[in-house]
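Fold and geometry: a report
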Amino acid sequence: MTRVFNFSAGPATLPETVLRQAADEMLDWHGSGMSVMEMSHRGKEFIAIHAEAEKLLRELMGVPANYKVLFLQGGAIGENAIVPMNMLRGRSGADYIDTGEWSKKSIKEAKKYCKVNVAASSEADNYTSVPKQETWKLDKDAAYVHICSNETIGGVEYHWTPVTGDVPLVADMSSNFISRPIDVSRYGLIYAGTQKNVGPAGVTIVIVRDDLIGQALPITPSAFDYKIQADNDSMFNTPPTYTIYMAGLVFNWIKAQGGLTAIEASNRKKAAVLYDHLETTSFFYNPVAREDRSLMNVPFKLRDESLDEAFLKGAQARGMVQLKGHRSVGGMRASIYNAMPIEGVVALVAYMKEFEASHG
Ligand code: PMP
């Protein structure tokens, strides 16, 4: 068996030990005589799996007791609509910070439900930075302030938490969720798809302060009403049981690594290997402002784009896959989520040096 270094932006690489455990438990989970896939979501086995996943996540992130943790469906793209439906709470508009492709998608969708005030944008620098908070034109009557904490395509990440006073801060954390410790109490709502740092695709995790729920727009589908889902332990409809199980295994793996503090240290080390190399070469470049560079998604381009195909082919031959940048921006992108071992990043940099030496 040969496993590749998979730099996909998501669905993404998972810890090998987690995959092995899932394989061991595939046919008979803990003597139940069934696979987790075959269990009723109302049975005692799955209820225990679900409760354990939530408990571990609360523990890892230090989620305060007055926050609900929901395991929903619809993805982060679904949340672009579900958030305004639930979070407007009688107000007419919301503030959005525009830092790239994913915030633009959130803004476009929210406009169907409310007045959107784009309070700041980095469009002018081609989305290579996070606008400084001093420049934000926030509306004090906004229902919430929405950010994308890590732009998966542009490779731009917030390394600070915005201060929004009494207006709840809402963050799409899809691509940097549980990559480092955060203070959940600074947010009104956090959402993230699972297919990057948490497990397989299929679940959207929503962490929401409980005083903010219960005022969804009447048109909100019941399955997407946070209050209804909270009152039903995220089982108002049949949840994606297997993904929740896998998420629990991944949370356990993170705990065994030493929790989010240790994961952050590992992520910083990995990102530094790549960014330090990008500093030393002009053959490759990354356009993002240094202080806003993502620790999770590292886009880079070859100065000579005619070499892109050869670079990707050589990477593939060396067991490094999914390095092609998003179709909207081209170039390369290395996604180096929690489960990417440092050996993968070291191998990539060695290959970049080798490629430059033979093509530079
Ligand atoms: N937001 C961000 C930051 C993302 O990276 C992605 C997926 N790449 C999405 C939203 C959309 O997620 P989904 O396709 O699961 O709805």
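The rules behind the values
- Residues numbered from 1 in each chain as written.
- Predicted model: local features only at pLDDT ≥ 70, side-chain atom pairs only at ≥ 80, totals over all residues.
- UniProt positions renumbered as here; feature names shortened; annotations may be inferred.
- Helix = DSSP H or I, 4+ residues; strand = E, 2+ residues; numbered from the N terminus.
- Rg over C-alpha atoms; globule rule 2.2 N^0.38 Å.
- Buried ≥ 20, exposed ≤ 12 C-beta atoms within 10 Å, placed from the backbone.
- Contact = placed C-beta atoms within 7 Å.
- Near = placed C-beta within 6 Å.
- Nonpolar A, V, L, I, M, F, W, Y, C, P; charged D, E, K, R; others polar.
- Domains from an automatic or database assignment.
- Core = buried A, V, L, I, M, F, W, Y, C linked by C-beta atoms within 7 Å.
- Pairing = 2+ DSSP bridges.
- Axes fitted to C-alpha atoms, helices over the stretch in contact; angles between N-to-C directions.
- Expected span 1.5 Å × (residues − 1).

As annotated in an unreviewed UniProt entry, the protein chain carries the name Phosphoserine aminotransferase and comes from Variovorax humicola. The record held by UniProt for the protein chain lists under Subunit (unreviewed entry) the comment "Homodimer." The heading Function (unreviewed entry) in the UniProt record of the protein chain holds the text "Catalyzes the reversible conversion of 3-phosphohydroxypyruvate to phosphoserine and of 3-hydroxy-2-oxo-4-phosphonooxybutanoate to phosphohydroxythreonine."

If you tally the helices and strands in the protein chain, you get 9 helices and 14 strands. On C-alpha atoms alone, the protein chain measures out to a radius of gyration of 21 Å, which is about the 21 Å that the 2.2 N^0.38 rule sets for 360 residues. When the backbone C-alpha atoms are referred to their principal axes, the protein chain occupies close to 60 × 55 × 30 Å. Counting over 360 residues, the protein chain shows a buried share of 45%. Residue pairs in contact within the protein chain that sit at least 24 positions apart in sequence constitute 68% of those at least 6 positions apart.

With that settled, the discussion passes to the site of the ligand. Residues in close proximity to the ligand include Ala 9, Gly 10, Gly 75, Ala 76, Ile 77, Trp 102, Cys 148, Thr 152, Asp 172, Ser 174, Ser 175 and Gly 193, which together make up its full environment. Take the shell around the ligand: its biggest share by element is 3 residues, from helix H3 (residues 75–87). Of the residues that constitute the shell around the ligand, the class distribution is 5 nonpolar, 6 polar and 1 charged.

Let's shift gears to the domain arrangement of the protein chain. Examined at the domain level, the protein chain breaks down into domain 1 (16–256) and domain 2 (258–359). The straight-line distance from the C-alpha centre of domain 1 to that of domain 2 is 27 Å. Taken together, the contact pairs 23 residues of domain 1 with 24 residues of domain 2. Where the side of domain 1 that touches domain 2 is concerned, the elements lending two or more residues are strand E7 (156–157) and helix H6 (241–257). Classifying every residue of the side of domain 1 that touches domain 2 by side-chain character gives 7 nonpolar, 11 polar and 5 charged.

Proteins that are soluble and globular tend to have nonpolar side chains buried together. Leu 189, Val 206 and Val 250 are the most contacted members of the largest nonpolar core, which has 97 residues in total. No other element matches the 9 residues that H6 contributes to this core. Counting contributing residues, this core receives three or more from each of domain 1 (16–256) and domain 2 (258–359). Sequence-distant contacts of Val 250, defined by excluding residues within four places in its chain, comprise Leu 14, Pro 15, Val 18, Val 198 and Gly 199.

Let us now look at the sheet that holds strand E4 (residues 115–121). If you walk across this open sheet you meet the 7 strands as E2-E10-E9-E8-E5-E3-E4, and the pairing is mixed. Of all the strands in the sheet, the pair left with one neighbour each is strand E2 (67–72) and E4. Taken pair by pair, the neighbouring strands of this sheet meet at an average axis angle of 20°, ignoring direction. The sheet contacts of H3 involve strand E3 (93–98), strand E8 (169–172), strand E9 (189–193) and strand E10 (204–209), and relative to E9 the element is tilted by about 160°.

Between its first and last C-alpha, helix H7 (residues 259–280) extends 32 Å over 22 residues, near the 32 Å set by a 1.5 Å rise per residue. Listed in full, the buried residues belonging to H7 are Leu 260, Ile 263, Asn 267, Lys 270, Ala 271 and Leu 274. Buried residues along H7 sit in contact with helix H2 (44–61), H6, strand E12 (297–302), strand E14 (332–335) and helix H9 (342–359).

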